[in-house]
Each structure stands twice: as C-alpha cells, then as structure tokens.
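Architecture and fold: a report
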Amino acid sequence: MLTNFIKILLLSITLISYASISKAEDTIKIAIIEPMSGPLASVGLDLIEGLEFFAERINKAGGVLGGKHIEIVPYDNAMVAEKTIQQLRKVIDDDIRYVTQGVGSNHALNIIKTLGKHNKRNPGKEIMFLNHSAVTTSFTNELCNFYHFRFDANVDMKVAALVSQMTKDPSIKKVYLLNQNYAYGQSFQAAARRLLAERAPQIEIVGDELIVPFGKILDFNPYVSKITSSGADTVLTGNWGPDAARLIKATANSQLKVNFYTIYAGIPAAMNSMGVKVSTFNPIVQVTESHENDPSHPDWLKEIDAEYMAYANKSPYADRQRFMMDMFAAAVNEAGTADPTAVGWALEGMTAKGAHGDVHMRAEDHQMHFDMVLSRISTDVEKTFIYNNEDYGMAYATDGWVNMADITLPTTCKMKRPKK
Amino acid sequence: MDVILFTVFNGLLYGMLLFMLSSGLTLIFGMMGVLNFAHASFFMLGAYFAYQISKYIGFVPALFIAPLIVAVCGAMVEKYALRRVHKFGHVAELLFTFGLFYIIEELVQMVWGKVPVGYHVPEFLDFTLFSMSGMGYQAYAMFTLLVSIAIFFALFSVLTKTRAGLIIQAALTHPEIVSSLGHNVPRVFMAVFGLGCALAGLAGVLAGNTLGTEPSMALSLGPIVFVVIVVGGLGSLKGALVASILIGVLQTTAISLDLSINSLIETLGFAVDLESLWHILIDLTISQVAPILPYLLLVVMLIVRPRGLFGNRDV
C-alpha cells in the first residue's frame, strides 16, 4: 500500500536526477512514449523500468561505440492517442533520434504516420521507431517503412502459433471465436478464420462473435450459455483486460469445460485478477517468445532473469525488450555511428541469441521472427510469478513450441529504402 | 419454454446486479436532489475495502465493515464539503461530485497501485448450487441475488412505512417545517447521503470480485448506472428495480439472438446485393448491438417520457 507510494516518489526522484546528470554526458537517447498515468499506467511504468534495466546492462558492459551510454527518456502519453503525437513532437524538438512504444496499436499508428512525414521532410535528421509490442499486422505490410522495426510477433503470427498448436491436440474439434469489436479484435478474427481454414480444416468453427470492447460488458453469462449450446470445446479469443477476465470467470463459475487459446488472457495482471482457482479451472493457453519455467530456458537467460528480479522485484514476462536493446546496441556498433539510417541498415536481417534458438529481423518488412512457446497457467511450476514482492502462486507451464518457419507469413511490404 | 425461462433467469441475475449498483444513486437523488457523479467511485471504494478486509479477517466481516466505512466516508463528504456547496445550487453539486470522482480514482491508485488486485469469491460460496440447461450456477451469484432483493424490500419499507422514512421525505420537500418541528435537517441529509454511499459500497463488496477490482472500474460502470435511474425515473426506487430488470432481460435476450436484417430477408426467400457499407448494416446481428440497447432505451425514454417509468418529475 504505502510502499507503492514511496516507490513512485523514489522513481520520480531518480528520473529527475537522471535527467540532470545525463545532459552533461554524451549518450545515445531512446525516447519511450507510454502511459505513465491513467488506468494503464502500471503497464507503461513496468515497460520503462524494463527498458532502463536492459539499457543499464549494456552500459555496465562498456556501452556502445567504445564507451557511449544508452539513455532511456520516458514521455507520458496517458493512453491518449493525440498525446502520443504531442509527446512525439517534443521528442523531435529534444533532438532524440530513436523512439520506442508498444502499448496500443492506435498510438503506434500515430507514431508511424507522424514520423513518415517528418523523415521525408527532414533528410539527415530521420527518427527511427523501435516498436516493442504494437502488433497490428499492417505495420509490416502495407504501412511498412524503413525507419520502423517491430520486435514483437504480429497478430497474424500469434494466431498462426495458436492454430498450429491447436492442430497438435486431436481432441479439439469445435472452436468458438470471440473477439472485441475494434481494429485489433477484427484482425484477430480475420486471421483466425483464414488460418483455421488453411491449417486445421478438421476443426469446425461453431461460433464467431464480436463483442463491444473495453469492459463495457458486465455480464458474460449469456455468452457462456451461447458457447455451451454451440458445443465448442475450445474458445479462441484475442480479448484482454476485463473482457478476458470476466469471460473466463463466468465460464469457470458456470462449470463449463473449454480450452482458452489466447494472446493476452494470461498476462500477469489478468492472472492475479482471476485468482488461482479460476485461472486453473480451464486450460488458459497463451503465446510468448519465452517464459521462465520452460525446460529449455537457457542458463545465460536465467542469469539475466535473476538480475531483473533483483532489480525490479518482478518475474520477467517476455524476452523481446531484452533482444530489442541487445540488437540495437549491436547495430549501433556495427554501423559505427548512432545515425538511424546506418543503424537501420545494420538492423536489417540481423540475427541475435534468443530463448529458443536465434531470433531474426526479416529485412523485407522489418518484422522480427522467432520460435514461439505455448504455455498454460499452472500452479505446478518451479518458479511462481512474483510481482512487486507479491507471489501470485502460479505461472506458466510449457505446452509446446512452434517453429519460426510455421509462423513465417508472406508480406505485402514494398519498402522504399534510403541510400546507405 | 426452457430457453425463455433460462434467458429470463439470466436477465434477472444481471438486472439485480444493476439494481444494487443504482439503488444508492436513485435514493440520494430522490431524497436530496443531488445527482452524485461519484457514485461509482464509492462502489469502487467498497470493492477495495472488501479486498483489504477479507485479506485479513475474511469475507463475512468485510460484508458488514466495508459498507460501513464507505458510509462514513460518504457522510464526511456530505458534512464537510457537499453541504457547503449545496447553497450554490445543483450545478455546483454536480461539478463537485464530478471532481470527487477523479480524486477518488487517484487516491485508489496511490494506495492499491494501478494493476487489478486479487479480490476473489469467498471459498465457502464458491461451489455450484444447481444447473440449468447445462449451465451451472454459482452459490455466490444466488447469494448476491438474495442480498439485492433484501435491499429492495428493506429500503422500500424503511422509506414508506417507518417514521424515519416520513421525516426523510418531508425534509426534502419542506425543510423549514421539518426543522421547526425539531428535527435536524442537515443531519438527515448526511444520513441519507451516507446510506446511499453504503449501498454503493455494498454493491462493490458483492460485485467487485466478479467484475474485477481495478482503478478503472468506476469509469466503466458510471454510464450504465445513470441509464438505469433515468429509465426508471429519477428518484424512484421502484422505477430503478423495474428498469434494472428490464435492461437485464433485454440485454440477455438480445445477446442470445443471432438474427440480422439480412438473415431475416434470406429466410423470406430473397437475396440482397447491396454496396459494402450497407451490407455491414444489414449484417449486424441483434447480439452485436445488445450492449448499446440500454442507451437506445435511454434516448427513447427521454423523448417519449422524460420523467422515466415511475418518476414524478422531468429530468
């Protein structure tokens, strides 16, 4: 309770002191635009903390370009898409050449559009967008841009991973699609329909529903009764936040046995809000690029996990921030300069170490590719999830891996590239 | 028949949840004329207090203590702030409660953090009581239903059958006469505001664990509560009950209908070929528009009968 307050106070003090020290030094700055206030502030603050940790790791190991430090500069968008543009203008005025963001594809879209104009009008002063989590597929298709790099798998790739895993379970015969009625939910629905038809013709779609998103629905019982009467054995959903938690709670409370195949229903905050009993009543399968309890989790990554735990008092959730920062540092070193155009050329086609084999930045569309792990929430795990010293009593257990090849999808990207 | 019964029952369950959320709001408005924008915030406080208390001494004490604390908070707000604002009229009161909404949200974030907290259904009520059409019903849901029915009868009888209820009602319409009869009118107002907040708090205790307890819950619940009290008639307890059940049954029925204009035309044996934009419109199923229906009802009600179902004054 009070510790949270003190933490926020300390964080703001350190942020202020950082800002004053770093002005004197010669650093490579990366602006991060995320919500630091409003209902999604916790997500933004955790991400900033994570990036600062990984930047510090690189700096401690000697920095880049023979001693230069990487500095993370946070900007608050309060989860308002217009504010993201305002803050981006500030980033431009502050002469920062790299910007990263990931919470909310509408925010990412604003950044892509604004930077597209800026980079065209200001040759030699281009700004690069390192997209760590915004998943709308079109960013690496028709909207692709040389100065945009995505380090997370896109919606289509995640759905491909879910569908590939579903084909491995012969007991899955009837699937119910339930998604939020806005851009992200609709693209999940479209990808699920297409990939189920292509890869799992034996699975029948017995329901296909779009719901009003963002916690507007209080009572999920009518949906549960529809799922019950459809005879579905699996629910494939892109829902997140209360839309996912309430659906899964209502399902557990009415004793309906189904599998949940999801992208975000198993994220730590959701897990805690549902509690152990609801989270483990039905299998809640989620897809990430790594998780702590995976038997193949490499030792070198375990060491980094332990360092992160000591630094942030949180279990790690995903690996993409780590390889994003490592690849950025490698690209700067390879380019021999901090100029975004040269760094962009270095990042294209770059390969780095991942949790399960190598991770690869596809040159064609700047979409990251890697093996993905399917895991379910379980209490039978080696390390339970810890968040700000609170033990959730559960974590993820591996169901299986999907190879990079199975989630590599064709792109429609026709990228215009600057001169080297 | 089975399907109808089942849908009505689900609708009733949801409707009573809405009633519990809105009863305190309509009470405060009916008795004091204050439209409390921060009502959902008191609901949120109830949920957070219940989470904290049940973590240490269990759910049953929380069920009684949490609404009590919320009532005290509400009474203090009335005594030290709202009473001073009262003399500047209803707009000032409205703006005051609007500001209060944001203050409570920030306070909650400071104390309990910004991620959802783990407030769960108590163990001893977390079992399936009975099944209907293949769907199990949790004992906790039935418990909530019973409590909300009890609230309605208790409130209704207190306000119409007891002396205290008479004084409360008289204090609103004829405050001078009531005070010259020796009753402390400001204290009556404080008690009513406290009671209204306690009801919100109780709803928070009971619904916080099924809806999820997080700082944004007040914001997402605000609108639907207003729909209920406007449709039912501002200030009418009976109206709030009927409107809640009406909205509950309407929405539940609508979600179970996968009919669209297009499917209706097709069953009649016609095929339509429209431009894509129109196709979206006729392909829209009733279940997809279900969550908007309450708001549609609100608009229609304001046009046709601005005083609501049981209200005795226009909005």
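Scoring rules and cut-offs
- Residues numbered from 1 in each chain as written.
- Chains lettered and ligands numbered in written order.
- Predicted model: local features only at pLDDT ≥ 70, side-chain atom pairs only at ≥ 80, totals over all residues.
- Heavy atoms only, no water.
- Helix = DSSP H or I, 4+ residues; strand = E, 2+ residues; numbered from the N terminus.
- Rg over C-alpha atoms; globule rule 2.2 N^0.38 Å.
- Buried < 20%, exposed > 50% of the residue type's maximum accessible area, 1.4 Å probe, protein only.
- Contact = heavy atoms within 4.5 Å.
- Areas by Shrake-Rupley, 256 points an atom, 1.4 Å probe, with all protein chains shown as cover.
- Lys, Arg positive; Asp, Glu negative; His and termini not counted.
- Charge placed at Lys NZ, Arg CZ, Asp CG, Glu CD.
- Buried area = accessible area lost by both parts, 1.4 Å probe.
- Salt bridge = Lys/Arg side-chain N within 4 Å of Asp/Glu carboxyl O.
- Polar contact = N/O pair within 3.5 Å; in protein donor to acceptor, adjacent residues only side chain to side chain.
- Nonpolar A, V, L, I, M, F, W, Y, C, P; charged D, E, K, R; others polar.
- 1 Å grid on protein atoms, 1.4 Å probe; cavity = no way out; pocket = protein on both sides within 12 Å on 5 of 7 lines; lining within 4 Å.
- Points joined across faces, edges and corners; volume = space filled by probe spheres on them.
- Core = buried A, V, L, I, M, F, W, Y, C linked by side-chain atoms within 4.5 Å.
- Pairing = 2+ DSSP bridges.
- Axes fitted to C-alpha atoms, helices over the stretch in contact; angles between N-to-C directions.
- Parallel < 35°, antiparallel > 145°, perpendicular 65-115°, else oblique.
- Left-handed = near helix turned anticlockwise from the far one by under 90°.
- Disulfide = S-S within 2.5 Å.
- pLDDT = per-residue confidence, 0-100.

For the rest of this paragraph, the subject is the overall build of chain B. What chain B contains, in helices and strands, is 14 helices and two strands. Against the 2.2 N^0.38 benchmark of 20 Å for 315 residues, chain B shows a C-alpha radius of gyration of 21 Å, consistent with a compact globule. By principal-axis analysis of the C-alpha atoms, chain B measures approximately 75 × 45 × 40 Å. Residue burial in chain B is summarised as follows: out of 315 residues, 52% are buried. Intrachain contacts of chain B at a sequence separation of at least 6 include 76% that bridge at least 24 residues. If you sum the accessible surface of chain B, you get close to 14400 Å²; carbon and sulfur atoms cover 73% of it. Computed over 13 positive and 15 negative side-chain charges, the inter-centroid distance for chain B is 25 Å.

What follows is about the overall build of chain A. In terms of helices and strands, chain A carries twelve helices and 17 strands. In terms of overall size, chain A behaves like a compact globule, its C-alpha atoms giving a radius of gyration of 21 Å where 420 residues would be expected to give roughly 22 Å. Principal axes of the C-alpha set define a box for chain A whose edges measure 65 × 50 × 40 Å. The buried share of chain A, taken over its 420 residues, is 59%. For chain A, the proportion of contacts with a sequence separation of at least 24, taken over those separated by at least 6, is 74%. Total accessible area on chain A stands at roughly 16200 Å², and carbon and sulfur atoms take up 55% of it.

This part covers the interface of chain B and chain A. A common measure of how large an interface is: the accessible area buried when the components associate. Chain B puts 42 residues into the contact, and the matching count from chain A is 38 residues. Regarding the contact of chain B and chain A, the summed buried area is about 3400 Å², with carbon and sulfur atoms giving 56% of it. Among the residues of chain B in contact with chain A, K114, M135 and I255 of chain B are the three that bury the most area, contributing 17% of the side total. Linking chain B to chain A there are one salt bridge. Counting every contact that joins chain B to chain A gives eight residue pairs in polar contact (both at pLDDT 80 or more). Contributing elements (two or more residues each) for the side of chain B that touches chain A: α1 (2-32), α2 (39-57), α4 (90-112), β2 (135-138), α8 (185-211), α9 (217-232), α10 (237-256) and α13 (286-289) of chain B. Per element, the largest residue contribution to the side of chain B that touches chain A is six residues, and it comes from α1 of chain B. Its residues assigned to classes, the side of chain B that touches chain A comprises 18 nonpolar, 20 polar and four charged.

Under the criterion given, the structure shown has six cavities of 30 Å³ or more. In this structure, the largest cavity occupies an estimated 460 Å³ of space. Surrounding the largest cavity, 27 residues form its lining, D219, N221 and N253 of chain A together with A141 and T210 of chain B being those nearest its centre. Elements supplying a minimum of two residues to the lining of the largest cavity: α8 (242-253) of chain A together with α1, β2, α5 (139-161) and α8 of chain B. A breakdown of the residues in the lining of the largest cavity according to their chemical character gives 15 nonpolar, nine polar and three charged.

A word on the side chain of T262 of chain A. With respect to the helices and strands, the residue T262 of chain A is situated in strand β9 (residues 259-262). From its side chain, T262 of chain A meets the backbone nitrogen of A265 of chain A in a polar contact 3.4 Å long.

This paragraph deals with the nonpolar core. Burial of nonpolar side chains together is a common tendency in soluble globular proteins. Counting 131 residues, the largest nonpolar core has I227 of chain A together with F42 and F43 of chain B as its most contacted members. Top contributing element to this core by residue count: α1 of chain B, with 15 residues. In this structure F42 of chain B touches N36, V70, C73, G74, V77, L100, I104, F193, C197, A200 and G201 of chain B, once residues within four positions along its chain are discounted.

Residues and elements named next belong to chain A. Most of strand β14 (residues 372-378) sits inside the fold, with six of its seven residues counted as buried. Both strand β10 (residues 284-288) and β14 contribute to a ladder of four bridges, which runs antiparallel. Its bridge partner lying in β14, V287 is registered against L374. For β14 and strand β17 (residues 395-402), the ladder comprises seven bridges, and the chain directions are antiparallel. Note on β17: the bridge partner recorded for I377 is Y396.

All names here are of chain B. Taken N-terminus to C-terminus, the directions of α9 and α10 make an angle of 120 degrees; their axes are 8 Å apart at the nearest point. Comparing the axis directions of α9 and α10 gives the class oblique. In this structure, α9 crosses over α10, and the sense of that crossing is right-handed. Where α9 approaches α10, its residues V227, V228, V231 and G232 are matched on the opposing element by G239, A240, A243, S244 and I247. Classifying every residue of the contact of α9 with α10 by side-chain character gives six nonpolar, three polar and no charged.

This part is about the state of the cysteines. All chains considered together, the criterion is met by one disulfide over all chains. Between the sulfur atoms of C144 of chain A and its disulfide mate C413 of chain A the distance is 2.0 Å. Measuring handedness by torsion sign, the sulfur bridge of C144 of chain A and C413 of chain A sits at about 80 degrees and is right-handed. Of the two residues, C144 of chain A sits in the loop between β4 (128-131) and β5 (148-150) while C413 of chain A sits in the segment after β17, which places them 269 residues apart along the sequence. The pair formed by C144 of chain A and C413 of chain A is uniform in burial state, with each residue classed as buried. Note on C197 of chain B: no disulfide assigned, nearest cysteine sulfur contributed by C73 of chain B at a separation of 8.4 Å.

In this section: the confidence of the model for chain A. Do not read the predicted coordinates in detail wherever pLDDT is low. Scored by pLDDT, chain A has a mean of 90; 94% of the residues are at 70 or more. In the predicted structure, residues 20-24 of chain A sits below a pLDDT of 50 and forms one contact with residues beyond four places in sequence or in another chain.

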